[in-house]
Amino acid sequence: MMKKRSISASKASLVLFLCQMISALDVPLDLSQPPTITQQSPKDYIVDPRENIVIQCEAKGKPPPSFSWTRNGTHFDIDKDAQVTMKPNSGTLVINIMNGGKAEAYEGVYQCTARNERGAAISNNIVIRPSRSPLWTKEKLEPNQVREGDSLVLHCRPPVGLPPPIIFWMDNAFQRLPQSERVSQGLNGDLYFSNVQPEDTREDYICYARFNHTQTIQQKQPISVKVFSMDSLNDTIAANLSDTDIYGAKPVTERQPILLTPTGSTSTKVELRGNVLLLECIAAGLPTPVIRWIKEGGELPVNRTFFENFKKTLKIIDVSEADSGNYKCIARNMLGSVHHVISVTVKAAPYWITAPRNLVLSPGEDGTLICRANGNPKPNISWFANGVPIAIAPEDPSRKVDGDTIIFSHVQERSSAVYQCNASNEYGYLLANAFVNVLAEPPRVLTPANKLYQVIADSPALLDCAYFGSPKPEIEWFKGVKGSILRGNEYVFHDNGTLEIPVAQKDSTGTYTCVARNELGKVQNEVRLEVKDPTMIIKQPEYKVIQRYGQVSFECIIKHDSTLLPTVIWLKDNDELPDDERFLVGKDNLTIMNVTDKDDGTYTCIVNTTLDSVSASAVLTVVARPNPPFDLELTGQLERSVELSWIPGDENNSPIKNFVIEYEDGLHEPGVWHYQTEVPGTQTTVQLKLSPYVNYSFRVIAVNEIGRSQPSEPSEQYLTKSANPDENPSNVQGIGSEPDNLVITWESLKGFQSNGPGLQYKVSWRQKDVDDEWTSVIVANVSKYIVSGTPTFVPYEIKVQALNDLGYAPEPSEVIGHSGEDLPMVAPGNVQVHVINSTLAKVHWDPVPLKTVRGHLQGYKVYYWKVQSLSRRSRRHVEKKILTFRGNKTFGMLPGLEPYSSYKLNVRVVNGKGEGPASPDKVFKTPEGVPSSPSFLKITNPTLDSLTLEWGSPTHPNGVLTSYILKFQPINNTHELGPLVEIRIPANESSLILKNLNYSTRYKFYFNAQTSVGSGSQITEEAVTIMDEVQPLYPRIRNVTTAAAETYANISWEYEGPDHANFYVEYGVAGSKEDWKKEIVNGSRSFFVLKGLTPGTAYKVRVGAEGLSGFRSSEDVFETGPAMASRQIDIATQGWFIGLMCAVALLILILLIVCFIRRNKGGKYPVKEKEDAHADPEIQPMKEDDGTFGEYSDAEDHKPLKKGSRTPSDRTVKKEDSDDSLVDYGEGVNGQFNEDGSFIGQYSGKKEKEPAEGNESSEAPSPVNAMNSFV
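The structure presented is a predicted model; accordingly, all values stated were derived computationally and were not measured.

How each quantity is defined
- Residues numbered from 1 in each chain as written.
- Predicted model: local features only at pLDDT ≥ 70, side-chain atom pairs only at ≥ 80, totals over all residues.
- Heavy atoms only, no water.
- Helix = DSSP H or I, 4+ residues; strand = E, 2+ residues; numbered from the N terminus.
- Buried < 20%, exposed > 50% of the residue type's maximum accessible area, 1.4 Å probe, protein only.
- Contact = heavy atoms within 4.5 Å.
- Areas by Shrake-Rupley, 256 points an atom, 1.4 Å probe, with all protein chains shown as cover.
- Disulfide = S-S within 2.5 Å.
- Pairing = 2+ DSSP bridges.
- Axes fitted to C-alpha atoms, helices over the stretch in contact; angles between N-to-C directions.
- Core = buried A, V, L, I, M, F, W, Y, C linked by side-chain atoms within 4.5 Å.
- Patch = residues over 30% accessible without salt bridge, like charges linked within 9 Å, V, L, I, M, F, W, Y side chains within 5 Å.
- Salt bridge = Lys/Arg side-chain N within 4 Å of Asp/Glu carboxyl O.
- Polar contact = N/O pair within 3.5 Å; in protein donor to acceptor, adjacent residues only side chain to side chain.
- Phe/Tyr/Trp six-rings, centres within 6.5 Å; stacked < 30°, edge-to-face > 60°.
- pLDDT = per-residue confidence, 0-100.

Caption draft 1: Local environment of the overall build of the protein chain. Assigned secondary structure in the protein chain consists of four helices and 94 strands. A buried classification covers 43% of the 1271 residues belonging to the protein chain. At a minimum sequence separation of 6, the contacts of the protein chain that also span at least 24 residues come to 65%. When the accessible surface of the protein chain is totalled, it reaches about 66500 Å², and 51% of it is carbon and sulfur.

Okay, structure coming up:
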């Protein structure tokens, strides 16, 4: 919603132009002229009797006029009255009242005369009256005793003052008495009661009269009113009359209207033209009558008619003769009506049609003075010359009086005079002065030379050429100094000399010349006109809807003429912005912070320049969550229903969408409110269904687009009667916890569902498919019952029925449950294994008979474990793995097997109780696979033309190694690769010397092992032959090694070169063309942990140093461990494990004894001694309690930081220093690593277990690693 308005300077210019036209005949004050009255006091002048009386009379003329006064028609000699003075160079009288004078002595009619040698001007008759504010006459006021329902008038009758006082009614506490259609004040000041009510009884009805002129208030004595109700009046009559006299007061009876004012059926009213017409009708009656006004034979005037005092007063402003007529007021209630006709006559004091205007003539010219006035009755016109009736004034042969006109012919200088025209009737008079001034003057231009006019394009331009001359000069306009005379329709030439350009354009800019000439000469004057671009609002404020406490901005971007300086004003509802720091006025916008409801309204941007003004408005609507409903009421209470009604709160400018009804059960859950129902936002009543035996309270929440209101205040409470339960417990189940019981459970009824006191449950059961009777038991308000002595895993029919003190719930439905399970009795048979490849096998088995399961069949578990590696013929500790297959499945896949190994497996059936016996172990073998990469590749002893290679066999041969393949190629300075050379090396070799190499050349080596199946992953390395038998080139990174788990790998390396190198690790999937991924190594450490790797994937890795152009290690290849199936290591029953635990316990006991002895001797642990001997002075231990550094304590249980660990020099342990540690990755990694990549052994409480089969990795068996998952 937007409004826009634009105000140019044209209207102001037109007003100025009219004023110039009126003053066009003004004679410059340097020329002789008769007197002109310029200021005088009003005709009816009421003065404050406590202050000096000032009667104004100011005039101008050449020569300056002298002044004289008359009082009550005779000369007033001010020199004889010491209290009266006349202001210097003025005719204004000052009557000194404050120094002893009395205003009453100067009452009368005063008239001023201003006179010079060319004539005399006179003022109006000024009637001086001092204001009066007399006191109320004391009177004895009897109390008003009135019967309820009757009418009453309390008379004010204020003292007659000058001017008349303003009347109002108040009480003793100076509070205005409330008024209404029933009680109101009339125009005469009386207080009218159409009918009285008991609440009208009071003793302080006080009428006040305020005399504004003297700023005084007069108070009437308080009036007492006592209203008798019918009941009390009958009691009074019965107490004071005999039985024969008692007839009883009539009850309050309704009455048709009667008029209290005006009286009768007709009246008359005379009002003067231009005044305000006030007509009044006040009626009595019960019920209170309603007033209506009509004009007989016509319509009430539009835009000038108003109704006041609860339509008891008809007000018509600025009345004219056309408003005369009959006005009827009609008072009506349900019993009838009454009317009154007021005949209105509009009279008129004289008013001007044509007032005489000053006349300037040159000798020998002719002219006229016209004096035309109207009125009702028609006024009489009389002429005066220099204040003397024209009939007795000195003769002038050049003038002739013709009614309302004086005609002048061939005037001479002696014809100059001031003429007065008086138009009068019984309602008043008009007096006007107009002079005739005979002059012979050449033209003169009164407008200042080179005056600048500025207007807005497309608006009128008015260029002044105010002039004077006698005879009257002719005016011509030119554009430019030597331009042609302006003519045509595009210009308007006014009589006062003004040039109007109705629609000024940019090309209208320029200099304009006006020329005034008469027979005595000519004169010219130049003015300048500039036409400016209009001011525009190019981005107006827009309608905004904002939530309470939000922020809103209105834009007002303007475009204006570059030579005009605009000012921007913001208004709210056409008034100034609130004085609040939340309102921020920017250059182009208004921002309101933390909006509140009071900010709702219309915001207007007004842009003002010296020439124009534009504005645009937009409405801001502040929305918020609705106010809570109120006045909740319960009606129609029944046993199972009630009607709830409410009154909505303020919707806060966002319509209410719906109402949410909540209830509280004060009997069972006091303070907890539950959802009951919801209804549309247009509905304010709802029929609610109820439950028995609930003490209900309700509340209502209103919801609109913004959100939910606060809850209403709770309704009154309503307690429903008790009844039988309507429903039974839900979720009834029967599941045995032991082989010989049945546990029956259910969800108990909520409090209000009990329908009455004494809630209990009847639990019934019987064995299914057996002709047994129901067994029942009644239990308290619980949710479980256990039946003992049942057969193992048999079905039961179960039902649970609710009951209370009043009876049972309906018959419940039956559910099927089972008694407790026991372990399965038999193992699966006919177990077969089909080896698919070197890492995958498929196992089959026959299902067990269901009757032997003795419970719910959950599936089958396959236990499998590696017996030995066929390539090394060495045994290792058993690590059993488990795969679980849901349901009655009879086969499964075994992933993640190691190639060229011997395995065993067995199968067991699983029910809810546990596992059955295992099937006989089944042996199977996996075929050969490709080997893993060699465990390391070292290049040593560089010479001018040779390098020595050393390597370790693969950690996982996965078969019988047949050979090693070595490939190498040179790398030039631009990292281009040379020809590739391949060498096959026997499997039993572990080193090789390469000869005939180029000196000072970098070579890249690729090394891998082979089995009969194929080649394994390769490892890469780089090395450089030396030049002139000097030391190898620095820097270099060598011996990159990896230790991989399923999803991460520990990378370590050796570095030779300058200190403080910043390392990075690059890695990617082996054989992939994807870009290398790069990880930055924190600090100068020589290890890093790669995380987030994909299980069972071969990766390539290399290490580089930042800042060393193109310098990085050779590539290494590693493979992450396969994604293992859920595993469980069954070691709790293994003999070796039990023996190991016993040995550990014995070792701990011996250690504790040794510690105790050493402690008593004050000695130190060997480890402590070694730490003291080799401690790094920059690394200090931390106290456990507060993290501060201090000495070691022998009594501490926590070990100090190891010498090899990295601790920052500021002696704080940084989090990033531990991010690359392998502490979090103990399972699945070959050994444990310190943060510097070295093995933990010396300070660890654990000892690494040597692998039983060569270099094969071994996970430490732990029951924590057991996992029971279904596949």
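Caption draft 2: Layout of unusual backbone geometry. A cis amide bond, omega -10°, links T261 with the succeeding residue P262. The residue after S470, namely P471, is reached through a cis peptide bond having omega 5°. Mapped onto the elements, P471 comes out in the loop between strand 42 (467–470) and strand 43 (474–479). Phi angles above zero are rare outside glycine, and N72 is one such case at about 55°. Mapped onto the secondary structure, N72 falls in the loop between strand 6 (66–71) and strand 7 (74–75). Although it is not a glycine, R854 adopts a positive phi angle of roughly 55°. Here R854 shows up in the loop between strand 74 (840–846) and strand 75 (857–869).

Caption draft 3: Focus on the state of the cysteines. Scanning the entire structure with this criterion turns up six disulfides. Here C57 engages in a disulfide with C112; their sulfurs sit 2.0 Å apart. The sign of the -70° torsion about the S-S bond sets the C57-C112 disulfide as left-handed. On the criterion of sequence distance, the pair formed by C57 in strand 5 (residues 57–62) and C112 in strand 10 (residues 108–116) is long-range, its members being 55 residues apart. Indicated for the protein chain is the disulfide connectivity 1-2, 3-4, 5-6, 7-8, 9-10, 11-12, based on numbering the bonded cysteines in sequence order.

Caption draft 4: Representation of the environment of I485 within the structure. Looking at the element boundaries, I485 is found in the loop between strand 43 and strand 44 (492–493). Separated by 29 residues in the primary sequence, I485 and C514 have C-alpha atoms spaced 9.5 Å apart.

Caption draft 5: Broad picture of the sheet that holds strand 16 (residues 183–185). Across the sheet, three strands lie side by side as 14-17-16; this open sheet has antiparallel pairing. Each edge of the open sheet is held by one strand with a lone partner, namely strand 14 (152–154) and strand 16. The mean angle between the axes of side-by-side strands here comes to 15°, regardless of whether they run parallel or antiparallel. The pairing of strand 16 with strand 17 (residues 191–193) spans three bridges and is antiparallel.

Caption draft 6: Quick look at the nonpolar core. Counting residues in each nonpolar core, the largest one holds 29 residues, and the members touching the most others are I53, I55, W69, I95 and Y110. The set of elements that each furnish at least two residues to this core consists of strand 4 (53–55), strand 5, strand 6, strand 9 (93–95), strand 10 and strand 12 (126–130). Examining the composition of this core, we find that three residues originate from one element, strand 10, more than from any other. If we skip the residues at most four places from it in the chain, I53 touches V47, L93, V94, I95, I97, A103, Y106 and I128. Counting 20 residues, the second largest nonpolar core, distinct from the first, contains I537, W570, V614 and L620.

Caption draft 7: Highlighting a nonpolar patch on the surface. A surface patch of nonpolar side chains, about 670 Å² in accessible area, is lined by L1146, L1149, I1150, I1153, V1154, F1156 and I1157. Among the secondary structure elements, I1157 is positioned in helix 3 (residues 1135–1161).

Caption draft 8: Spotlight on the pattern of salt bridges. Counting across every chain of the model gives 38 salt bridges. R273 is paired through a salt bridge with E321; the nearest N and O atoms lie 3.6 Å apart. Placement of R273 in the loop between strand 22 (266–272) and strand 23 (277–280) and of E321 in the loop between strand 27 (313–316) and strand 28 (325–333) is noted, with a sequence separation of 48 residues between them. By relative accessible area, which is 37% here, R273 ends up partly exposed. A relative accessible area of 30% means that E321 is categorised as partly exposed. Measuring nitrogen to oxygen at the nearest pair gives 3.1 Å for the salt bridge that ties K572 to D573. Overall, the relative accessible area of 42% leaves D573 in the partly exposed class.

Caption draft 9: Geometry of the side chain of N309. Looking at the secondary structure, you find N309 in the loop between strand 26 (305–308) and strand 27. A relative accessible area of 18% places N309 in the buried class. For N309, the side chain forms a polar contact with the main-chain oxygen of Q185, separated by 2.9 Å. When near neighbours in sequence (up to four residues on either side) are disregarded, N309 contacts Q179, S184, Q185 and E280.

Caption draft 10: Quick look at the sheet that holds strand 78 (residues 891–894). Across the sheet, which stays open at both edges, the three strands sit in the order 73-74-78 with antiparallel pairing between neighbours. Across the chains shown, the open sheet's two edge strands, defined by having one partner strand only, are strand 73 (829–837) and strand 78. Looking at each pair of strands side by side, their axes are set apart by 20° on average, direction ignored. In the sheet, strand 73 pairs with strand 74 via six bridges, with the strands oriented antiparallel. Across the sheet, the residue bridging to H834 is K842, located in strand 74.

Caption draft 11: Molecular detail of the pairing of strand 66 (residues 741–747). Counting buried residues along strand 66, five of its seven residues qualify, which places the element largely inside the surrounding structure. Summarising the sheet, strand 65 (residues 730–735) and strand 66 pair through four bridges and their orientation is antiparallel. Of the residues in strand 66, the one forming a bridge with G734 is I744. In this structure, the hairpin formed by strand 65 and strand 66 is closed by a connection of five residues. Summarising the sheet, strand 66 and strand 69 (residues 784–788) pair through five bridges and their orientation is antiparallel.

Caption draft 12: Structural context of the side chain of N1039. Its place among the elements puts N1039 in strand 88 (residues 1036–1044). Residue N1039 is classed as buried on the basis of its relative accessible area, which comes to 10%. A polar atom in the side chain of N1039 sits 3.0 Å from the side chain of E1054. Beyond its immediate chain neighbours, meaning those up to four positions away, N1039 contacts L937, K938, E1021, S1052, W1053 and E1054.

Caption draft 13: Just the packing of aromatic side chains, in detail. Inspection of the entire model under this criterion finds 23 aromatic pairs. Ring geometry for W845 and Y860: centres 5.5 Å apart, planes at 50°, overall tilted. Taken as a pair, W845 in strand 74 and Y860 in strand 75 lie far apart in primary sequence, 15 residues in all. An identical accessibility class is assigned to W845 and Y860; each is buried. Considering the side-chain rings of W951 and F1007, the 4.7 Å spacing of their centres and the 45° angle between planes classify their relative orientation as tilted.

Caption draft 14: Quick look at the confidence of the model for the protein chain. Averaged over the protein chain, the pLDDT score is 84; the fraction of residues at 70 or greater is 84%. In the predicted structure, residues 1–24 sits below a pLDDT of 50 and forms 43 contacts with residues beyond four places in sequence or in another chain. Here residues 241–249 scores under 50 on pLDDT; set against residues more than four positions off or in separate chains, the count is seven contacts.

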